[in-house]
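Architecture at a glance
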Amino acid sequence: MQRSTEKKEIKISSKGDDQGDHECEVWTEGTDGTSRWHTCHKNPGHHGFIKCQDFHLQHLPKSYQDQDILKLITSIAELTVRVNVNYTSFKRPKGYIFSNYGGQTTTHTGTGFVYHCGFRDRVGLSCSCHECLDNPDAEKRTRWWIVRMRTAKHVVFDDDEAKNCTIEAFYDEDDDEKSIEKCVEDTLKKKGNVLFGLKVLESNFDCDWCEVEAFTHDKELGQKLHVALEKFSALRKTLNHHRTDDHACPPLAVIVSHPHGYSKRISLGKWLERKVHDLFVGDAYNTEMTEYTYDTPTCRGSSGASVLILGRGVSLAEVFGIYGPMWYHPHSGATPDGIGKCALGFDCIR
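Rules used in this analysis
Residues numbered from 1 in each chain as written. Predicted model: local features only at pLDDT ≥ 70, side-chain atom pairs only at ≥ 80, totals over all residues. Heavy atoms only, no water. Buried < 20%, exposed > 50% of the residue type's maximum accessible area, 1.4 Å probe, protein only. Helix = DSSP H or I, 4+ residues; strand = E, 2+ residues; numbered from the N terminus. Pairing = 2+ DSSP bridges. Phe/Tyr/Trp six-rings, centres within 6.5 Å; stacked < 30°, edge-to-face > 60°. Lys NZ or Arg CZ within 6 Å of the ring centre and 35° of its normal. Polar contact = N/O pair within 3.5 Å; in protein donor to acceptor, adjacent residues only side chain to side chain. Contact = heavy atoms within 4.5 Å. Core = buried A, V, L, I, M, F, W, Y, C linked by side-chain atoms within 4.5 Å. Expected span 1.5 Å × (residues − 1). Salt bridge = Lys/Arg side-chain N within 4 Å of Asp/Glu carboxyl O. pLDDT = per-residue confidence, 0-100. Disulfide = S-S within 2.5 Å.

For the rest of this paragraph, the subject is the pairing of strand β4 (residues 108-121). Among the 14 residues that make up β4, 10 are buried, leaving the element largely enclosed by the rest of the structure. With 2 bridges connecting them, strand β1 (residues 25-26) and β4 associate as antiparallel partners. Counterpart to Val26 in the pairing with β4 is His108. Taken together, the 6 bridges between strand β3 (residues 80-85) and β4 define a ladder with antiparallel strand orientation.

Encoded structure:
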């Protein structure tokens, strides 16, 4: 198919400017990830954003040029998803990001990380997803996949937004035709690697994180995510022998995101400051609730992306810990001078 060379009209949405330091992208008619990417003022050219398929060992600092660490980053990339929120909740409190746009259907996008994918086969119990409930005449399906992902609270605020969000997995390649209209069309036709939001499992307003449950009836997509999670889990065990010493290894912060809602990118930088908010003492592990700042490049659309922190003097397995999704710090925003900050998460220490 021949692509049109006609330039799209860029319509600026004021919703995009109603978010303070947060970094969601906002799509309106005539704009999409492609157009926002090419008109970005924060990172013109996006030289610090590396395509996943082009990411190699040489991109890492020498202290981290290890095949297992490379595999870890690419594994995180496989589980990174684009989050399209197609409705803004009335329940966002006054003065909070997008609170002036309650009830509107202007799409904002962010990034998330899949941490669970499970198959459901319930004999005698039909699927309760809205796709099945909204089609009473359709054949009731008893098999489906439940997927859980973590993102920032300001990306998906509550159940109303979760039910109106779509989650796109494995969007790794550039696609100039990937407009919001195309996404809506794919969603309606059940095409592509699309998951459909169901509800918010858990969230924390002050810590700015949110866990969303979604579903798919696409067997191939469910199996693909399941395999990716198994690979990620195996890497965590393999990396138990890796220890990064604060003096020998420079601080490193790696972010995999969908800048501007565009195809997935990996960016590298240094973490600058680590702030401990609380300490929890356990039998085998102690855990610290922490947040970080970093100079890793991000753009609108990066909100909710996983922030991998290395060079902290603990094993990588302990960085991920034993607390499921809580190991990872979602990207929360960036100051005007480009310093990023993440939501609160747990670091596991001996």
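Another aspect to go through is the packing of aromatic side chains. Summed over the entire model, instances satisfying the criterion amount to 9 aromatic pairs. Put simply, the rings of Trp37, Phe49 and Tyr262 touch in pairs and so form one group of aromatic residues. Residue placement shows Lys15 over the ring face of Phe98; its charged tip is 4.7 Å from the ring centre. Across the ring face of Phe157, the terminal group of Lys153 is positioned such that the distance to the ring centre comes to 4.5 Å.

Now for the side chain of Thr290. On the secondary structure map, Thr290 appears in strand β12 (residues 286-294). At 3.0 Å, the side chain of Thr290 and the side chain of His329 are in polar contact. Filtering out sequence-adjacent residues up to four positions away, Thr290 remains in contact with Arg274, Lys275, Val276, His277, His329, Ala343, Leu344, Gly345 and Asp347.

This brings us to the nonpolar core. Judged by nonpolar contacts, the single largest core of 54 residues is most densely connected at Leu60, Ile73, Val156 and Leu225. Ranked by residues supplied to this core, first place goes to helix α2 (residues 67-78) with 6 residues. Sequence-distant contacts of Leu225, that is, excluding residues within four places in its chain, are made with Leu79, Cys117, Val147, Ala169, Phe170 and Leu195.

Taking 1.5 Å per residue as the helical rise, α2 with its 12 residues ought to reach 16 Å, and the 16 Å between its terminal C-alpha atoms agrees with that figure. Of all the residues in α2, the buried ones are Asp68, Ile69, Leu70, Leu72, Ile73, Ser75, Ile76 and Ala77. The N-capping residue of α2, defined by a side-chain oxygen 2.7 Å from the backbone nitrogen of Asp68, is Asp66.

Moving on, we get to the pattern of salt bridges. Scanning the model with the defined rule gives 11 salt bridges in all. The partner of Lys231 in a salt bridge is Glu78, and the shortest N-O contact between them spans 2.6 Å. Taken together, the residues span a long stretch of sequence, with Lys231 in helix α6 (residues 219-238) and Glu78 in helix α2 at a distance of 153 residues. Classification of Glu78 by relative accessible area gives partly exposed; the value is 27%. For the salt bridge of Glu211 with Arg150, the shortest nitrogen-to-oxygen distance reads 3.7 Å. Note that Glu211 is positioned in strand β8 (residues 209-216) and Arg150 in strand β5 (residues 143-151), a separation of 61 residues in sequence. What makes Glu211 buried here is its relative accessible area of 7%. On the basis of relative accessibility, which here comes to 0%, the residue Arg150 falls in the buried class. A single network of salt bridges, built from pairs that share partners, joins Arg148, Lys199 and Glu213.

What follows deals with the environment of Tyr115. Note that Tyr115 resides in strand β4. Along the sequence, Tyr115 and Val147 sit 32 residues apart, while their C-alpha atoms lie 7.8 Å from each other.

Attention now moves to the confidence of the model for the protein chain. Mean pLDDT over the protein chain: 80, with 72% of residues reaching 70 or higher. Within the model, the stretch residues 1-13 combines pLDDT values under 50 with 23 contacts to residues more than four positions away or in other chains. A low-confidence stretch, residues 313-325 (pLDDT under 50), is modelled with 43 contacts involving residues beyond four sequence positions or located in other chains.

Moving on, we get to the environment of His41. Considering the arrangement of structural elements, one finds His41 in the loop between α1 (33-38) and β2 (50-51). Look at His41 and you get exposed, because its relative accessible area is 76%. It is 9.5 Å that separates the C-alpha atoms of His41 and Cys299, two residues lying 258 residues apart in sequence.

Bringing the state of the cysteines into the picture now. All chains considered together, the criterion is met by 0 disulfides. You can see Cys210 has no disulfide; the closest cysteine sulfur is in Cys165, sitting 8.8 Å from it.

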